[in-house]
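Observations on the three-dimensional arrangement
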Amino acid sequence: MTFSSLTVSLKPEITLTSVDSNILLQSSSRKLTFHQPEPGLKTALDALKQGTHTAGQLQTLVLETDGTQVREKFDAYLNRLIELGWICHAIPPSSPELSPLAIAIPMVGDYYFDCPEIDWDAFAFTLSRFAYLHQVEGEMVLESPLTKGKIKFSDWRGPGLVSQLSQPQTAASLSQEIPGITEEIAQQFLSLLFAAQMLSASFASPLEEDEEVESEEATPPLVFWEFHDLLFHSRSRLGRHNNPLGGIFPYVGKIDPLPGVKPLMTDVVIPLAKPNLEELNQTDMPLSQALETRRSIRRYDETPITLEQLGQFLYRCARVKKLFDTERGEVSNRPYPGGGAIYELEIYPVVNSCQGLEQGLYHYHPLDHVLCQVSAWTAETEALVQDVWFASAQHDQPQVVFVITARFGRMFWKYQSMAYAAILKHVGVIYQTFYLVATSMNLAPCGIGAGNSDLFQKATGIDYYEESSVGEFMLASVPVKP
Ligand SMILES: Cc1cc2nc3c(=O)[nH]c(=O)nc-3n(C[C@H](O)[C@H](O)[C@H](O)COP(=O)(O)O)c2cc1C
């Protein structure tokens, strides 16, 4: 059996200690005690720690030393340890001092690693479209959002074999590709990757068309998933990886946090109007009415929105109400909620037509409640507006387009794994705030689903990795009813 010819070993972080005549296996969060294990079982557990034996060798060892019953017990223990995510599987190296060609390492518990007995003449294998190879701390690693483990390769042959799997390969065809890879090693390699859910299987030579196996990835629900979406989803949530996730503050003491408010971008500063909030508290549209009457509006009045309306709108949606210092940098309060009170989003009104304001690209300074002109009307600002018009059914020309950017460093300084996902959530929060305030001000709001971040970078000269656009929103005047 190819599968049982894989080396099994405890993950390095699992400790094994002998206490009296018991054996204790321990992770950072869990302890398993084997009470007075039989001699063969004890040797097998020690060998698991050393990582010197295949599963098949350990089964034989226990069977020969302790008999059938203990061998069955060992199988159950091994399966339980695999399920806990404590066991690595590897292709046995040709000599003990060499690293294995490939080793499968579980990242979390509730781990699945199994491979049926394979008819090697009948089946061919192809790499999952979700699997990806990347360099991590000087090693090539194969990962996939479908799995809870990863595979590390000791040298170029592993990634070389993986690249051959872009096309269906039998063990025989795979063994012809790389020097030193025998058919037996190719079988072990395919078993390892198949058990780790990195491969799909098909008939090596289907006789009829209807004998072709439709891979799980080509049918719902997986067929709908794009590679980047599933990777982002799985890596920004808990469950199938062991990367740090949450408010980790990985750069404290290494890199200073960015300021809570982006400094004024230019000397050209345009003061903005403020609403009378006390008066609004008495006269404003009730929340239920704003929610019930809110619509996305793409037809506008010929007379565009005014600078005064723009000022009042930005004040109600996005001003800084309070900025304060903490031990972990500046945070603020604004009308809309934001994870960690970090407020990484910036608003850039691209003005096509607004009474009292020249065409151009502006930055909203939410603490001073002013606009700074970042760019005059250029080919790039015009293209930003045209992109939004194309994305919104091409009705009337947009009047003001808010390009929403994220100062990524604000979020990345605190959060790991989930920072970008939280930024997109914040974009949703600001969209709804824009929608409701626009409705209560009788203005025409419309969210936009996709924009061109490189075009924004070209229009402003802002570094793409430091701060890019993550959302777009149109605001305009509502047509006056005859
Ligand atoms: C995140 C988001 C993205 C949107 N993207 C677009 C878009 O690209 N183009 C567009 O015309 N409308 C867009 N809309 C508006 C929706 O089409 C609209 O909300 C939906 O049709 C429901 O209609 P209603 O807003 O009038 O209730 C978007 C809305 C949201 C919240």
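Quick caveat, the model's predicted, so the values are computed rather than measured. (Residues numbered from 1 in each chain as written. Predicted model: local features only at pLDDT ≥ 70, side-chain atom pairs only at ≥ 80, totals over all residues. Heavy atoms only, no water.)

So, the overall build of the protein
Each helix and strand counted, the protein has 14 helices and 22 strands in total. Taking 2.2 N^0.38 as the reference for a compact globule, 482 residues should give roughly 23 Å; the C-alpha atoms of the protein span a radius of gyration of 30 Å, well beyond that estimate. C-alpha atoms of the protein, sized along the principal axes, occupy 90 × 60 × 40 Å. Pairs at least 24 residues apart make up 70% of the contacts formed inside the protein by residues separated by at least 6 positions. On the protein, roughly 23900 Å² of surface is accessible, and the fraction owed to carbon and sulfur atoms is 50%. Distance between charge centres in the protein, computed from 35 positive and 57 negative side chains, equals 10 Å. (Helix = DSSP H or I, 4+ residues; strand = E, 2+ residues; numbered from the N terminus. Rg over C-alpha atoms; globule rule 2.2 N^0.38 Å. Contact = heavy atoms within 4.5 Å. Areas by Shrake-Rupley, 256 points an atom, 1.4 Å probe, with all protein chains shown as cover. Lys, Arg positive; Asp, Glu negative; His and termini not counted. Charge placed at Lys NZ, Arg CZ, Asp CG, Glu CD.)

Considering helix α10 (residues 307–318)
With 12 residues, α10 ought to run about 16 Å at 1.5 Å a step, and its terminal C-alpha atoms sit 16 Å apart, in line with that. Counting buried residues in α10 gives nine out of 12 residues, a clear majority hidden from the surface. Burial in α10 covers these residues: L307, L310, G311, F313, L314, Y315, R316, C317 and A318. (Expected span 1.5 Å × (residues − 1). Buried < 20%, exposed > 50% of the residue type's maximum accessible area, 1.4 Å probe, protein only.)

Observations regarding the packing of aromatic side chains
Evaluated as defined, the whole model comprises 21 aromatic pairs. Note on F232 and Y420: the rings are 5.8 Å apart at their centroids and 65° apart in plane angle, and the pair reads as edge-to-face. Of this pair, F232 sits in helix α7 (residues 227–236) while Y420 is found in helix α13 (residues 419–440), placing the two residues 188 residues apart along the sequence. Between F249 and W413 the ring centres are 5.8 Å apart and the planes differ by 80°, which places this aromatic pair in the edge-to-face class. Placement of F249 in the loop between β12 (246–247) and β13 (269–271) and of W413 in the loop between α12 (408–412) and β20 (415–416) is noted, with a sequence separation of 164 residues between them. (Phe/Tyr/Trp six-rings, centres within 6.5 Å; stacked < 30°, edge-to-face > 60°.)

Looking at the nonpolar core
Within the largest apolar cluster, 55 residues are counted, with the highest numbers of intra-cluster contacts made by L25, L48, F113, I151, F189 and L193. Looking at this core, the element that brings in the most residues is helix α6 (residues 183–195), giving six residues. Filtering out sequence-adjacent residues up to four positions away, F189 remains in contact with I91, L101, A102, F153, G158, L161, V162, L165 and L174. Within the second largest apolar cluster, 44 residues are counted, among which are V331, Y343, V427 and M441. (Core = buried A, V, L, I, M, F, W, Y, C linked by side-chain atoms within 4.5 Å.)

Details of the domain arrangement of the protein
The assigned domain composition of the protein is domain 1 (3–218) and domain 2 (246–477). Using only C-alpha atoms to locate each centre, domain 1 and domain 2 end up separated by 50 Å. (Domains from an automatic or database assignment.)

Regarding the site of the ligand
The environment of the ligand is formed by R294, R295, S296, R298, A391, S392, Y431, Y435, C446, G447, I448 and G449. The side chain of R295 places a nitrogen or oxygen atom 2.7 Å from an oxygen atom of the ligand. The fraction of the free accessible surface of the ligand (610 Å²) that becomes covered by protein chains is 57%. Going through the elements one at a time, α13 and β21 (443–448) are the ones with two or more residues in the shell around the ligand. Residue contributions to the shell around the ligand peak at three residues, all from β21. Its residues assigned to classes, the shell around the ligand shows five nonpolar, four polar and three charged. (Near = heavy atom within 4 Å. Polar contact = N/O pair within 3.5 Å; in protein donor to acceptor, adjacent residues only side chain to side chain. Nonpolar A, V, L, I, M, F, W, Y, C, P; charged D, E, K, R; others polar.)

Observations regarding a nonpolar patch on the surface
On the surface, F232, F412, Y420 and L424 cluster together into a nonpolar patch covering about 320 Å² of accessible area. Along the polypeptide, L424 turns up in helix α13. Using a relative accessible area of 34% as the deciding quantity, one classes L424 as partly exposed. (Patch = residues over 30% accessible without salt bridge, like charges linked within 9 Å, V, L, I, M, F, W, Y side chains within 5 Å. Salt bridge = Lys/Arg side-chain N within 4 Å of Asp/Glu carboxyl O.)

Brief notes about the sheet that holds strand β4 (residues 31–34)
Pairing in this open sheet of three strands is antiparallel, and the strands run β2-β3-β4 from one edge to the other. Where the open sheet ends on each side, the last strands, each with one partner, are β2 (15–19) and β4. In this sheet, adjacent strand axes meet at a mean angle of 20° when their direction is disregarded. Against the sheet, helix α1 (residues 39–50) touches β2, β3 (22–26) and β4, its axis set at about 150° to β2. (Pairing = 2+ DSSP bridges. Axes fitted to C-alpha atoms, helices over the stretch in contact; angles between N-to-C directions.)

Brief notes about the pairing of strand β16 (residues 345–351)
Burial runs high along β16: seven of the seven residues are buried. Neither face of β16 is left uncovered, since the one carrying L345, I347, P349 and V351 and the one carrying E346, Y348 and V350 both have all their residues buried. Sheet analysis places β16 next to strand β19 (residues 400–407), joined by seven bridges and oriented antiparallel. Among the inter-strand pairings, V351 is bridged to a residue of β19, identified as V400. The pairing of β16 with strand β17 (residues 360–365) spans two bridges and is antiparallel. Bridge pairing links V351 to G360 in β17.

Quick word on α6
Spacing of three or four residues puts side chains on the same side of an α-helix, whose turn is 3.6 residues. In this model, α6 (13 residues) spans 18 Å end to end at C-alpha, consistent with the 18 Å of a helix rising 1.5 Å per residue. Q197 occupies a position one or two residues after α6 and carries a positive phi of about 60°.

Some points on the side chain of Q59
Here Q59 shows up in helix α2 (residues 55–66). Those residues in contact with Q59 that lie beyond four places of it in its chain are S4, R71, F74 and D75.

With respect to the environment of G329
By the secondary structure assignment, G329 is in strand β15 (residues 329–333). The class of G329 is buried, set by a relative accessible area of 14%. In the structure, G329 is positioned 71 residues away from L258 in sequence and 7.8 Å away in space, judged by C-alpha atoms. When neighbours within four sequence positions are excluded, G329 is seen to be in contact with P257 and F324.

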